[in-house]
Each structure stands twice: as structure tokens, then as C-alpha cells.
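Understanding the architecture of this molecule
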Amino acid sequence: PWLDGGLFYGVTKAWADALRTHAGDGKLACDTAACLLPEKNTIGLPMANPPPPADHYLKSAQRFYKLGNPRGNENPMLLAMGVLWFRNHNWHAERLKADWDSRGVTYNDEILYNRARQWNIAEHQHIVLNVWLPRFLGSPPKPYEGYISAIHPGITHAFQTTAMRFGHTIVPPVAYRAYAATKQGGSWRCVFRPLGGSVPGAGGGPTAVRTCQSYWNSPDLVSEGDGVDELAFGLAKQVTEREDNIITEDLQGFVFGSLDFSRRDLMALNIQRARDHGLPDYNTAREVYGLSRRKTFEDINNTTDPFVRDAIGNLSKLYGDINNVDIWPAGLLETTEEGPGELFQAIIKDQFERVRDGDRFWFNNTANGMFTEAERVAIMNVTFRTIMTRNIKATWFKDEMLQDDVFMWDESVDDPDSRCRPDIPYTEENLEQYLEPCSPMETFDYFDGSSGPYIGTFIALGLYLILNVLILVFSVKYFQWKSVQSKQVGNTHHHDSIWAHAGVFETVGGIAMVADELKISSGRRKVVIAPVENSKKLRLYGATTGAVMRTVDLTTIKEVQLEIAVADSKPLTQNGIILIRLPHQYDIVLQFPGSVDPFAQRLNTYLHSIGVAVSSSTPRSKKDILSDAFTAEDRQKVVEQFLKLTFKRALVGNVQGSATVQQEEGLAKSERSDTLQRIGKGSFKRRKILDCELTIAEFADSMGMKEDSLFVQQVFKQVDADRSGTVSFHEFLRFVVLFTNGSTRSKMELMFNIYDIDGDGTLEKKEFVTMLKRIAEEANETVDGDQLDTAVSDMFKVSGLHEKHTLTLEDFIAMFSEYGSQIHDTAIRVGQHRTSNAAVSPSQADQLQQSQATETPANQFRQRVLTGLTPKRTAAKGPERPKFVHQPSILLEPLPVEEEIGIGDGEQSKRSGSLLAIQRAWENYRLQIFWLSLYILVTLGIFGERAYYYSVEREHNGLRRIAGYGVTVTRGAASAMMFTFSSLLVTMSRNIITQLRETFLNQYIPFDSAVSAHKVFAMIALLFTIVHCLGHAINFYHISTQTANDLTCLFREYYHLSDQLPKFQFWMFNTLTGVTGFLLVLAVVTIYVFALPHARRYLFKTFWYTHHLYIPLYALLILHGSGRLVQPPIFQWFFIFPVAVFALDKLISISRKRVELTVFKAEKLPSGVTHLQFRKPSNFDYRSGQWVRIACLDLNSEEYHPFTLTSAPHEATLDLFIRAVGPWTHNIRDVYDPQNAKNRANYNSGPVYPRLFLDGPFGEGHQEWYKFPVVVLVGGGIGVTPFASILKDVVHKQSVGAHIGCKKVFFLWVTRTQKQFEWMTDIVRQVEQEDKQELTDTHIFITQFYEKFDLRTIMLYICERHSKRVSGRSLFTGLRASTHFGRPQFESLFTGLQSAYHNEHQVGVFSCGPPPMTRSVEAGCAQCNRFVGPVFVHHYENF
């Protein structure tokens, strides 16, 4: 509020220091050596810098002169005044320096500067209060009586928003510039610059300044001629506008504005500003200042001036009530010829008097000691004429040119011409004729220039996401292709001898004909087509690999049609195309580099040599041939429809009961006839399906087997009744009807014919054994020949047929009558379709019920499973024995596992319903549900707190008003992200979690779910990240549409030059918050994309490295908040505890994982499995079922991978079985190849294997197996590794007499073939040998075949049953464990367990394997938990 020189020096020391020279002279810095103007603003002081409305674009603030007033460059007149006071300071500095130097006064730059500043401020105070104010108001202020501390000098709103703005009425539309004067008759006559360049004699030089066009272009105008001097002298000689209510248009409608509105109405702003500041009405203001209230509008001014009276009348119409009038218009209308009216005079005088009296540094205050009495007198003698004469430096200027009172027009001279008027009179006509008009208002879109970067940024982020996904997809595809290629290395066969078939295909360049095969799924492929020696077959080989791509059997084909593409009725000489059309098969389309004629001739010769006719169709164009080609995809669709239609007609038929083979044939014929009648003659598509005939290759493919399978060939021979080499609809329908409606005898007859390889009507033992071996081989099972011979011989002996070497059909039926029910239920699976009988005779049911009544519970359950009976739960209200109903064998139904387990029926109180299921789910997962719910609630609470704060508590905050609820959402999401991303570190503190599992906290916190929690937390974090990003997409748009000054107020931490309009790209890429936010999005995208299951499986190294982006991620999160764009950083409060826990966990790992461990045994096992055995560290304690992380020093000592230990805690070594599924595991297999180890060995030493780093052990749910009375271990594929450790631990504890809480341990091993994991077979064998109490019970499920009662597996099942009954061991593995075909049906299995152990509270189910298997286990547990009985608690791990 002080008159302290703030307009010259600024209001802060930093600003004041920026204006100085600091050169010892105490001066303000000058622009040139002449020191006529202040220094330019090259250092970037925050000067006010709106866009000049005459140009309407932002200019650099460096063009301005440095002044204390930030708005000092607004217009040339204001700038001229500022420069005069700038020069006055330097004048005093020179004066004082010369005086002190002459008197020998000691001083420095600071002293000299401040003393010159005191003199300058004192003169300014005196001139304002004692010289200018009396003339402005028409009356002087009250005399100065000294400093009064009780007076408040603050600036009132009434003063700054209304009264002091009275000066707007006297602002002229033009400022004259006088540049010379001549003395005539004792008076000076001035020479003025012309009004405009069009005035005669203007000469194109400087002209008068039009006010409306000069805003913020002042530096350019004062630099012309003598600039400041001309303006200052001209202003002293120019008459102002009259003090009235009339405002020049330069202010009324053409004052400067912002970019969006380049022109504004200053009078309207005055009124609105007063309202914004909450000023009272006109009458209230008068009353506050001790003036009487006006009763009517006429009382405002009693003048008779018609213009004023009209204005008052308009005011009355507008407001209606005098008590509602704003201060500004009413106060302005009070103006008289002497100056401002009563109210404005009172307000202005009161303000200046208080500023003076309340300032203890006022120059005239004798108590402050700043000036001596002589100095105060000297100051009081200074006028503004003194200031001007001191500081106008123009050579033409003389002091006597100025009148004594430069603020007033000199009326003392009688001669009007001596008043120094301009040559052209100042009239409205002259203004309109000569002055430049005010440029019209222009608008501006602040988002202009942001739209491209805005859209481009988000498109770039989207493309970056797509790029990451594409890199992942192509990398996985490349890895899979590379794996296939590596398997094919060394398997390339040279077919030169075959391709060069003598007399048929002459070799071209040493090889057979090479062509591109077209119209295939991959588009095209390079193939070699050649005949198969000693057979009527053609084969297409891969030109690079030699692999067989397709075999065409021509044995039963009578005619082949060839089509050669033509152009202009002539065969193509380049890129020739030939189509080979085969009956009942898809076409072959080949393209040759040159003409197709050589190949066509050789093909004709070959086909005629094997008795196949060749026909040619009308020549067609290449386009027609390709569009008409019958492709493999077309053929596949027809075959699928063929199978679907066949099974539909067979299954919906009205045939009931059993039938003989002859009856079945008649049924099939009637079905086909009925089908033809149903589809009608007009259905070409269905008739095409009915006319379709399956080749043996298609038949084998539909059964999921290979064409060269002996079993397939035998079945195909039985189905192909007419020996045409293909299976027609009629033949296939007959085959299907046999399995849907056929009797047990008819199925046995079919099986007999299949096993009768030579077709002589009798079945030799050798044929029987051969077929069983071949089927077992197709299941990838190894069967000992002698053992199989013994089993078959025993079966012959039991049936009383041991003296026979061959069996007739009747002998075969008698031999297997014991298994009649199983054979009756035998099904055939073709594609996605399966058939089986769905009925059982009453006599069979009676026999079963009688058997169940007399046998033990275990035998009852065994018989129930063998006959396909499963317990059917009923909605009984009380305990009730399960009722049994017949259920046919279904897909994935297990072989009788329950039979081997020895489960009884037991009594079971069953209560179905969702309520019990929910109760069991809560019982199993109550801790997980509680902690997850708590976590979600806390996260939502954090989100809600910030959202509420910015929605309610900061509702009127600038950014909140600009961006709306976008700020609410983004701030809430940001805090939720801070919490969730921080908590991820806790879930990965494996060592601490493992140790805490051994404490009482394990009863209250589900530590086993740490990995699952990590994934859930990560998904929640991702959700809030997306919300945060979308919110900022909206916020950035809003911010990019705001003015530069508003943004400066909103974001105090971010400085930008006043000529810079912050666009979207500034906030995104020129601020710490924006840059780090952008980088954070990139990091999150990369981390999450390469954390997908496919990346972890095939690109683990990439997953490993990208997941380590968590380090820069957290660093960026810290920096992101440090930008303080919206609020002070708070991330550290979320981060400090998790990072401390994580750091401690890392220290634990570092303390041990740097110990190098020697691998002293490595084996390459089948199915890509590598066995590593290494020394167990002395301080390494673990439980069975735990896992470790290892790093190989030869690969990357920092890349760790997790694997479950297969060794038991009591063993002296640690064992790992690693399956090669990704790059790292493949490299491990190569590095630990014993052959490579021998190459590294020293002389006379054994193999040398690379050393390992070990980290762990880490706990998981599998180690809790001992806490359950009944345990079920389910391992799929390589997922058996944790159970190998558990099984060995079980038998060891049993052997040493240690207490085991388990009553029974069931191990279910689900594998495509046990040959893949023969090492596990050895472990199971060891467990069986040491398990004296038969605590464990093992079952192996071979999933190579789908079902137990499949046409292929029924005999394997019978032989296995017989071997188990006779020797107690499996025919396939030699173990006591049973071998089953098909996948286990977990619901049926768990139902039996629930019956047998109904008195137990819990059954622990532990599974490890592929997700589909663990999901099936979980579904089985969930289903059984819907009923009363033991609760199935499921722990699982996926790989």
C-alpha cells in the first residue's frame, strides 16, 4: 500500500536487484551507454505481457524495458513516465557520487544505490501528494502531522476498483509527440509530430500515438526518434479529455484483452470488478464515507448539462432503485467541472492521507531521520517540471520550453498561438480522418496447436501397446517355430532316389519336379511331388525339410481330372498352374516357375502306367481355376458336416434295443433313405454331403490317430464293406448304428474281426498280442512282450481255452463274457462325437443290486464303478444310503480308481443347495476373502478420501473449477495407484513370507496366496492406472484451453516465459510430472504385456528383464509426485513401509544366493526334462513341497527361475527336474548336457558342470499337506515334482517312526504317457518299496486315449485288470499303482472319498499342473462341498 517506489524498483529485493548495475555507481542498469532507457528484459522478469491487440499474438517479454512496475510497458505514456523516474534515480546517483567523492565520504554500491533510491522515492511522494493530488481533486489533502501508528494504510476496495479509476475519463485517444520548439515574440511555439502518415508533410516518420493501437507495443514506439523525450514533452503540452462521464472509445470498447478476446470494455470491467470484490451499493458507500444518502437519481448531480441529465435518466431506467446502483457509474456521474464528485473525492483523499500518515518512512517524517531539514526543504521545492528538465535529454529541448505547472494547461498567456498547440487541431473530424482506426476484436482457440500433439500422444501410447503385443506374439511364434526347426534338424531325409523314379519322373537338375502348392491355409508352400516306390501313391514333400506333406492313394481311383490354366487360349509359359482333381479328396493346385507342360506329360505317363485314366476339362483362366479349386478347408467342412449328419441321424433314430449285424445294416439303409427323403432333391449342399466318401486318412484323422496305425487299418477294413477304399455315408452310418443300438455280441464280433489281422475267421494268440502291443505303442506305453504273452496265456487258461492256439468267434465271446457290461458300454469317438449304449437290461441291474447287498463297501464301490454306476445324490432331508442308477461311461470318466483306493459307501447325510456351497467356500477361503475384502475397502477408502477432498473441500480451487470432476477422479485414482503399486512389493517378499508362515500369523494371514495376491493387486493397480490416464486425458484437454496467466496462478511450481502459451506438449513433455507420467505409462504397458502367461512360458528372459522395470517404475513414481503439479508429493507415505520390507527381503536373498553350488550330477531325460543334483548348503532347511530359485553362472548370474524341489528334506542333496519349455530352460538343457560337460572336463577328471546360485527355500500351500487326515495329490505332467518330494518325505517319516497326521495319501498322476516321465516312475517305485504300511496309494492316468471303454482301449483295460489281479502289478509300469486310460473325473472321485471318510472334517487336495487340470480339480471340490461331509480344501499351483 505504500508510495515506496515500487513502480520503479519493484516490490521485492530480488526484482530490485535485477534492475541494478551492481557496478559501484549505484545506478539502475541501462540499455545503451547513453543510459537513456532501462535495460531490456533479457533475464526474463515476469513482466505482464498480454498479446498486443493490434497484432493479436504473443510476443517475447524480452522486448520490454526492465521497470519496477510489471505493467510499466503497457502503453507508451506509462512507459515514458517510468523512464523519467528511472533517469531521475541515476541522476541522484551521479549527484551523490560526485558530492561524496569531493568530500571523501566512504561508500559502496549498496549505500550509494539506496541513498539515491531514498531521494527518488521522496521526490515521488512529494509530487504525488503535494503537487499532483490537489490538482487532480481540486483541493489539497489535510496537512501532514507526522507518522500515526494507529492508522491502517491498506488499500480499500472502493479506492482500487472505483474511485481511482476516475482517471479513465481524462485519457485521450491520442498522445502527441513534440520534437522541437521555436521562440516567437517571447513565447515558444512547439512542433508536433503529425497525427498519421497521410498528413501532408509527415514524411513517413514518427507520428502521434493512437492509444488503442499502442497497447503492449510501447518499446517499439519509444525507440523512434527521441521517443521518451518527445512523448513526455508532448504530454505536458497536450490537453486531456474533459472530466466527465464520457469515455474515449480506446478504453470503452477497445482496451486490450487476452488472446481469446483481444478487445474489452474497460468501463464494463470496472463495474464487474466492483461486484466481484463485493463492494456495496452507491448509497451505502456514501454513508460509510460520512456523506448523506441520495434519495433520488436526480440528487446524484444537480447540473443542468443535458448530457449528464440524459445519463442519469438512463441510469434510473436501468436500476430502478437508487439503492441498487453500483458505485462506479453513480460516482462518475457526480463529476463536476472542478473534478471528481463528493464520493470519489472522499475515497481518494482518505486513501492517500492514510498511506501518507501510516508510513513511518515518509520523507517528511522527522522521526525517521532519513533526511535533514535542509534536504526536506529541497525535496518540497521539487516539482514534476523539475523532474522533466533534469531528465529530458533531447538536444532540441530547453528548460524554458516547459510551463511551470506541467500538470495544468497554461491559461496565463493571452495569445492562443503561443500555447504550443499542434499544427492540426485536435478534433473528432481530424481523428477520424488521420488517425489509425482501432483494430476490431479477435478471438483465439487456446487448444490450437495442441490438437496434433494431443491426439498423436495418445495414438503413440496406443501404438506402443500394440507394438508390445505384436512383439510378444511374434516372439512367441518365432520361439515356437525355432523349437520346431531345432527338432527337425538332422531329420531331413533325402528323397533323391524316390523322386527319381525310373521311367516315370525324370529328374530335373538332379531332383524331382519342384513347385509351389497353392490354395492351402498358409497361402503357398514349396513342395516336391513324386510317386512312392512299389505302390500306387503320390506324395508331396516339403522342399526344404523333406517332410511328408500329403499322400494321395491312387489304388481305388479310376480317373483323375487335370486342368491347365491358359491365357488367350494358350497355356501359360511362365508361372504355369495345373489343378489335379481327385474323387473324394480335395484338389492339388501347383504352380511352376515356367511352363506346366513337362510336369503334365510326366504325370500323364505315370498315371497311365498304374491304370488311372486322365481327363481334361475345357481350358480356363488362372483366376477361374483358383476360385473353383476345392481346398482342404472346403473338404474339411464337408467331412465335418458328414460326421455331424451321420451322428444326428443315428442318435435321433427310433431304433431301440439290441440288433444283430444284419439288422444293423438294414437299419443303416433305412436311416439313409429317411435322410434322403428329409433333405429333398433340391438340397444340393446336403446331397453333396451324403455323396461324400471318407478316405482312410480322413477316417484316421477323425479318430485322432495316424493313417498307418494297424488298428485304424483294421477298423477301416471293417467299415469299408464294399472294399472301395473309401467309406460312404451308408457304410459309416451302419458303423455308428452298431455302437448306438448294437448288442454286446455285435460289438464283440466287430472286435474279433479287428483283431483278426489276416482275416481267416480265427484269432491266433499272436495276432491278439500284436494288436495289443500296437495299441499300447499308440498310447506311448511300453509293454513288456513276455509279460503280455503271460497275461494273455493266463486269460486263455482262466477261460478254459489254454489248449487252443486259435479262437473262433464263439470262443472269443465266451472268453470275455466276464467283461460283457464293459464291452456293451464300449464307445467309438470320431471327431467331437461319441457313441455308446445307454441302457442296461433289468437282469443286469438285479444282479448288481444282489451283489451290492452281499459284498463289502469296498467291493460294492468297485462293482459300481466297473458297471458304470455312480451314486446319485437325492434331496433327502435326513441320512440316507445313496441310491444307484445306471450311468453310461462318459468322456473323461476314470478307470475304477475307487476300486483300488478301497472306498466304501458309508452313510452320508446330504444337503444340497447354494447356502452350503457358500458356507464351504467361506470355510475354505475365509482368510483370502477377508483380506481381499479389506484390501479392496482400504483401496476404495483411499480413492474416496482424495475424491471427496477435491470434490468438496477444494471445490472452488482453480484447477478443480477448470477440470471439473476429472481432477477428483485422477487424484483418487493416483492415491489408489500409490497404495496398490507399493503393496506389490510386500507380496514379493518371499523370504519374509516363508518365515512368517512358520509363525502363529499363518493362522490369520493366507501367506500361501501371496502370488495370487500379487496378481490381484497388480490388476487393481492396472485398473486405477487406466482410470488415472483417462482422467488426465480429459484434464490435459481442459488445462490446454486456459490462458497463460491463469495457468501461472494454478501451477505455481511451473514457470514459463510470458510469451509462451503452455500447450499440451508443454505440460506433457516440459514438466517433470508430464514426462514421468508418460514414461510411467510406457513402463506399465511393457511390464504388464510381458507378464502375460505366454510371455512367462515362452519368453521368460524377456519377462524377467521387463519385470525388473519395477526399479525405474518406482523411481518415476517418486519423481512424478515431486513435480508438485497439483499437490505436494505423498507417494513416500505409501511407499516407505513396503520398500523397507522388500529391501530387507532382498538382503536376506543376497546373503545366501551368492554362494556357488557345485552340480555333480546332470541327466538329459526324455520329453525335454533335465535332472540336476547338487550339494545342499549346510544351513539350508526346507519342507517337502517347497521351491527354490536358481541362476546358472554360465548363462546369467542375475537371472533366477523358480523350480520345485523333488528331493526330500532328509536327503543330503537337492534335486531339480526341469522341463525345457522356454529359452532359458532349453539353454539349461544344453549347458548341462553330459557330453558338453565332458568336453569341459580336465584330464582324468569327471564331467564339469556350471555352478549355480541358489535362492530359497520359499513356501507354498503344498507344504501344508501333513495337516490333513486325508490327502489327495494331483500332478499333471511336470507338475508332479512337488509331490515327488512329499511322497519321499511321507515314507521316510513312516520308516523312522515319526508322527504323521495323515491317514491316507492318494497320488493321482495325470500324464499323456508315463514314458515322458520315467524318472517319476522310478521315484514311485522307490516309494512303494519303502511304504510298508501302505499309507500311499498311487494311480497313473494316461490321457493319450480319451476314454476307458473306448474301442481301442477296452482290451488294454481288460489285460491291465487281469495283470493286477494275478500279479498285483501294472502290466505297463510294473508298479502296484494302477494305470488308467483317460482323464480322472474328479467329482466322481471326490464323491467316493466323501463317502469313505465322512467322519473326517477336511480332505486336503493339492494339485499342480496346467490350468485346465487345476480348474477341473477345483470344480470337483466345489461340487462336493455342496453336500454334507468332509470339506475339500484345495491348494493349487499352475505352470
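Refer to the structure above for everything that follows.
So, how was this worked out
- Residues numbered from 1 in each chain as written.
- Predicted model: local features only at pLDDT ≥ 70, side-chain atom pairs only at ≥ 80, totals over all residues.
- Heavy atoms only, no water.
- Helix = DSSP H or I, 4+ residues; strand = E, 2+ residues; numbered from the N terminus.
- Buried < 20%, exposed > 50% of the residue type's maximum accessible area, 1.4 Å probe, protein only.
- Contact = heavy atoms within 4.5 Å.
- Areas by Shrake-Rupley, 256 points an atom, 1.4 Å probe, with all protein chains shown as cover.
- Pairing = 2+ DSSP bridges.
- Axes fitted to C-alpha atoms, helices over the stretch in contact; angles between N-to-C directions.
- Lys, Arg positive; Asp, Glu negative; His and termini not counted.
- Salt bridge = Lys/Arg side-chain N within 4 Å of Asp/Glu carboxyl O.
- Polar contact = N/O pair within 3.5 Å; in protein donor to acceptor, adjacent residues only side chain to side chain.
- Phe/Tyr/Trp six-rings, centres within 6.5 Å; stacked < 30°, edge-to-face > 60°.
- Lys NZ or Arg CZ within 6 Å of the ring centre and 35° of its normal.
- Disulfide = S-S within 2.5 Å.
- Expected span 1.5 Å × (residues − 1).
- Arc of directions from axis to C-beta.
- Core = buried A, V, L, I, M, F, W, Y, C linked by side-chain atoms within 4.5 Å.

Topic: the overall build of the chain
In terms of regular secondary structure, the chain is built from 54 helices and 35 strands. Out of the 1439 residues in the chain, the part that is buried amounts to 51%. When contacts within the chain are restricted to residue pairs at least 6 apart in sequence, those whose partners lie at least 24 apart make up 72%. Carbon together with sulfur atoms contributes 55% to the accessible area of the chain, which is approximately 64900 Å² in total.

Here's the deal with the sheet that holds strand β25 (residues 1169-1175)
The strand order β24-β25-β28 describes an open sheet built from three strands, whose pairing is antiparallel. Where the open sheet ends on each side, the last strands, each with one partner, are β24 (1159-1165) and β28 (1213-1219). Going across the sheet, the axis of each strand differs from the next one's by a mean of 15 degrees, ignoring polarity. In terms of strand pairing, β25 meets β28 through seven bridges, oriented antiparallel. Paired with valine 1169 across the two strands is arginine 1219, which belongs to β28. Along the sheet face, helix α48 (residues 1223-1231) touches β24, β25 and β28 and points at about 120 degrees away from the line of β28.

Structural notes on the side chain of glutamate 353
Mapped onto the secondary structure, glutamate 353 falls in helix α14 (residues 342-357). Summary of buried charges: glutamate 353 has no salt-bridge partner, and the nearest side chain of opposite charge, lysine 142, is 4.5 Å away. Here lysine 142 takes part through its backbone nitrogen, which lies 3.0 Å from a polar atom of the side chain of glutamate 353. Apart from residues lying up to four places away in sequence, glutamate 353 is in contact with Pro141 and Lys142.

Here we look at the packing of aromatic side chains
For the coordinates displayed, the defined rule picks out 50 aromatic pairs. Ring geometry for tryptophan 132 and phenylalanine 136: centres 4.6 Å apart, planes at 20 degrees, overall stacked. Of the two residues, tryptophan 132 and phenylalanine 136 are both situated in helix α4 (residues 109-137); the distance of four residues between them amounts to about one turn of the helix. Given the relative accessible area of 22%, tryptophan 132 is considered partly exposed. Joined through ring pairs, the aromatic side chains of Trp132, Phe136, Phe159, Phe166, Trp328, Phe344 and Phe352 make up one cluster. Here the basic side chain of arginine 390 rests over the ring of tryptophan 91, its NZ or CZ set 4.0 Å away from the ring centre. It is arginine 990 that lies over the ring of phenylalanine 1258; its NZ or CZ is 5.9 Å from the centre.

Re unusual backbone geometry
Generally, phi is negative for residues other than glycine and the peptide bonds are trans, each holding for most cases. Even without being a glycine, histidine 22 presents a positive backbone phi close to 55 degrees. By the secondary structure assignment, histidine 22 is in the loop between α2 (13-18) and α3 (76-103).

Section: the state of the cysteines
Scanning the entire structure with this criterion turns up two disulfides. What pairs with cysteine 30 in a disulfide is cysteine 35, and their sulfur atoms sit 1.6 Å apart. For cysteine 35, a relative accessible area of 18% puts it in the buried group. The disulfide partner of cysteine 212 is cysteine 438, and the S-S distance across this bridge is 2.0 Å. With the S-S dihedral at roughly -100 degrees, the linkage between cysteine 212 and cysteine 438 falls on the left-handed side. Here the residue cysteine 212 occupies a position in helix α6 (residues 211-214), and cysteine 438 occupies one in the loop between α17 (428-434) and α18 (451-488), the gap between them amounting to 226 residues. For the pair formed by cysteine 212 and cysteine 438, the shared burial category is buried.

Some words on helix α46 (residues 1110-1122)
In this model α46 runs 18 Å from its N-terminal to its C-terminal C-alpha over 13 residues, within 8% of the 18 Å that 1.5 Å per residue would give. Of all the residues in α46, the buried ones are Leu1113, Tyr1114, Leu1116 and Leu1117. All buried residues of α46 fall inside an arc of 160 degrees around its axis, so they share one side. Positioned one or two residues after α46, arginine 1124 has a phi angle of 55 degrees, which is positive.

Brief notes about the sheet that holds strand β29 (residues 1252-1258)
Strand order in the open sheet formed by four strands is β23-β29-β26-β27, and the pairing between neighbours is antiparallel. Because the sheet does not close on itself, it has two edges, and the strands there are β23 (1156-1157) and β27 (1201-1204). Strand contacts of helix α39 (residues 990-997): β26 (1187-1192) and β29, with the helix running at about 40 degrees to β29, the strand carrying the most contacts.

Some details on the pairing of β24
Sheet analysis places β24 next to β25, joined by six bridges and oriented antiparallel. Across the sheet, glutamate 1163 pairs through a bridge with histidine 1171, a residue of β25. Linking β24 to β25, which pair antiparallel, is a turn of three residues; within it serine 1167 sits at a positive phi near 60 degrees.

Some remarks on the nonpolar core
Core analysis: the largest hydrophobic core is formed by 112 residues, its most contacted members being Ile300 and Met388. Looking at this core, the element that brings in the most residues is α4, giving 13 residues. Those residues in contact with methionine 388 that lie beyond four places of it in its chain are Leu84, Ala232, Phe233, Ala236, Phe397, Leu402 and Val406. By size, the runner-up hydrophobic cluster in this structure holds 41 residues, among which are Leu643, Phe729, Leu733 and Val769.

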